[in-house]
Every structure is written in C-alpha cells, then in structure tokens.
Amino acid sequence: MNLPDRDRLEVVNGPEDGLVFPITRTPLTIGAGADCAVFLNFDCEVRPMHARATVVSGGYRIRGISGAPVFVNGKRSGMVWARIARSGDIIRIGDTSLCLVCVADGLAGRSIGIPTESNFVWLLRFLVQTLGRTLLLLPRLCFKAVSRINRVLLVTLVLLLLLALSIPGPFQNIFLNLLNGARLFCTGLSGV
C-alpha cells in the first residue's frame, strides 16, 4: 500500500508484519481495541488502549496510556514522560515494531512552528482534570449517603405513624411527638 502524501506507521517486525496505518488525524490511539486507529489485533502483548500519538512540530509525541511498556528508539515512553518520534524512528509496542514515516505534506510536516505542551504541562493538565472529576463525584456520593439515610428515616416514620394510629390513648400523643421530631430531623438533613 503506497501512501506518499500521508504520514504513516508501518509494521516492520511483529505478528502483523507489512501492515501500513495512515495517520489522518490526532490524537491517534494504538492498541488491540477495535476502535484504535492502529489496530494491532494479533499481538498478545498489546493492550486495548496501549499508547497515544499526538502531532508535534515535525513528528509525533508517543505516550503510553495503559502502564504497559512503549519504546521509541529503545527508550521507554510512559504516561508522564513521553517521547517524540520523528520520521524513521522505531516505536515498539508489545512484540510489534512500527516505523514512523513522515512526509512533507503530512500532519507532522504541516505542524512545524505550532507550539506544543511539554511533559510538565501535560502532567499538570492531567492532574487538574483528575482532581476535577474527583470533586465532581463528591456531591454525588454525599447525595447517595443522604438518600440512604432518608430512606431509613422514611421507613421509621411510616412505622411510627402506623404504631401511633393503632394505639389509642396517652401513647398516641407520645408517638405523634416522636413523629414530629423525626420529621423536623429529616427536613434538617435535606436542607444541608
């Protein structure tokens, strides 16, 4: 398959030797998942979402996203510390070696001069996003806890109401006062 006008990843060693994957957009995912742009189905060492490639000036930043090893020219690339691959560089994922071919009119060639983020900036952005997602979960967890408490209190109130209505005499006033106190307690909890 000849793709002279596009950047591409060519499998040069591994179970799928000879396959060519054109790079048409970034970020580009590499893995064994069917939704990956570089779909390495026959390599048992490749995870469903193994690595991500984003375009940088004159090449691609290769970042491991699964914790499994990714190597660019024999040097490990991880989630925090990414490596930049240029034309002719070898990217090893699992037992598969991919050669990056960049052409003058490809994405990497057209991105020369565009500022890209450093590893530190990426890590900072990743931490802020993770912290933001965690903070968004806290109200949901609190709501579930209060909902469980309210359900228990609701069942208790119904039982007290049935008991108060079934017992005539002085006990009825005691149960009604208890019921009123529980109602005030519930409204105080839901107002928080």
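Quick caveat: nothing in here was measured; it's all calculated off a predicted structure.

Peer 1: Got a minute to help me understand the sheet that holds strand β11 (residues 96–101) in this structure?
Peer 2: Across a sheet, strands are paired by hydrogen bonds formed along the backbone, either parallel or antiparallel in direction. Strands sit in the order β2-β1-β11-β10-β7-β8 across an open sheet of 6 strands; the sheet is antiparallel. Both edges of this open sheet fall to β2 (20–23) and β8 (75–77), since each of them pairs with a single strand only. Ignoring strand direction, the axes of neighbouring strands in this sheet form an average angle of 30°. Two strands pair when backbone bridges link them, and strand β7 (residues 70–72) and β8 are joined in this way by 3 bridges, in the antiparallel orientation. In the strand pairing of β8, Phe 71 is matched with Arg 76.

Peer 1: Help me understand the pairing of strand β1 (residues 7–13) in this model?
Peer 2: For a regular strand, side chains alternate in direction, first toward one face of the sheet and then toward the other. Across 4 bridges, the pairing between β1 and β2 is antiparallel. For Asp 7, the partnering residue across the bridge sits in β2 and is Ile 23. Linking β1 to β2, which pair antiparallel, is a turn of 6 residues; within it Gly 14 sits at a positive phi near 140°.

Peer 1: Just to check I follow, could you spell out the side chain of Ser 97 for this structure?
Peer 2: Within the fold, Ser 97 resides in strand β11. With a relative accessible area of 12%, Ser 97 lands in the buried category. Ser 97 has contacts with Glu 10, Val 11, Val 12, Asn 13, Ile 90, Ile 91 and Arg 92, leaving out every residue within four places of it along the chain.

Peer 1: Mind showing me how you'd approach the sheet that holds strand β5 (residues 51–56) here?
Peer 2: The strand order across the open sheet formed by 5 strands is β4-β3-β5-β6-β9, and the pairing between neighbours is mixed. The outermost strands of the open sheet, each flanked by one partner alone, are β4 (38–39) and β9 (83–85). Pairing between strand β6 (residues 59–64) and β9: 3 bridges, direction antiparallel. Each residue of the ladder has a partner; that of Tyr 60, found in β9, is Ala 85.

Peer 1: Just checking my understanding: could you explain the pattern of salt bridges for this structure?
Peer 2: When their charged atoms lie close together, side chains carrying opposite charge are able to pair. Applying the stated rule across the entire model yields 1 salt bridge. Across the salt bridge formed by Arg 8 and Glu 10, the nearest N and O atoms sit 2.9 Å from each other. The exposure class assigned to Glu 10 is partly exposed, which follows from its relative accessible area of 24%.

Peer 1: Can you help me understand the nonpolar core in this one?
Peer 2: Nonpolar side chains in soluble globular proteins tend to be buried together. Counting residues in hydrophobic clusters, the biggest one holds 23 residues, and the most contacted among them are Leu 9, Tyr 60 and Ile 91. Once you skip the residues sitting within four places of it in the chain, Ile 91 turns out to touch Leu 9, Ile 62, Val 70, Phe 71, Val 72, Ala 85, Thr 96, Ser 97, Leu 98 and Leu 100.

Peer 1: Would you mind going over the environment of Asn 73 with me for this structure?
Peer 2: Within the secondary structure layout, Asn 73 lies in the loop between β7 and β8. A residue is classified by how much of its surface remains accessible, and Asn 73, at 44% relative accessible area, is partly exposed. Along the chain, Asn 73 and Cys 99 lie 26 residues apart, while their C-alpha atoms are 9.8 Å from each other.

Peer 1: Hey, could you run me through the pairing of β6 in this one?
Peer 2: Of all 6 residues making up β6, 6 are buried, and the element is well covered by its neighbours. Where β5 and β6 come together, 6 bridges link them in antiparallel fashion. Within the sheet, the bridge partner assigned to Thr 54 lies in β6 and is Arg 61. Between β5 and β6, which pair antiparallel in sequence order, lie 2 residues; one of them, Gly 58, sits at a positive phi of approximately 80°.

Peer 1: Quick question: what am I supposed to make of the environment of Ser 87 here?
Peer 2: Here Ser 87 lies in the loop between β9 and β10 (90–93). The class of Ser 87 is partly exposed, set by a relative accessible area of 43%. With near-sequence residues (within four places) excluded, Ser 87 lies in contact with Leu 100, Val 101 and Cys 102. Here Cys 102 takes part through its backbone nitrogen, which lies 3.1 Å from a polar atom of the side chain of Ser 87.

What counts as what
- Residues numbered from 1 in each chain as written.
- Predicted model: local features only at pLDDT ≥ 70, side-chain atom pairs only at ≥ 80, totals over all residues.
- Heavy atoms only, no water.
- Pairing = 2+ DSSP bridges.
- Helix = DSSP H or I, 4+ residues; strand = E, 2+ residues; numbered from the N terminus.
- Axes fitted to C-alpha atoms, helices over the stretch in contact; angles between N-to-C directions.
- Buried < 20%, exposed > 50% of the residue type's maximum accessible area, 1.4 Å probe, protein only.
- Contact = heavy atoms within 4.5 Å.
- Salt bridge = Lys/Arg side-chain N within 4 Å of Asp/Glu carboxyl O.
- Core = buried A, V, L, I, M, F, W, Y, C linked by side-chain atoms within 4.5 Å.
- Polar contact = N/O pair within 3.5 Å; in protein donor to acceptor, adjacent residues only side chain to side chain.

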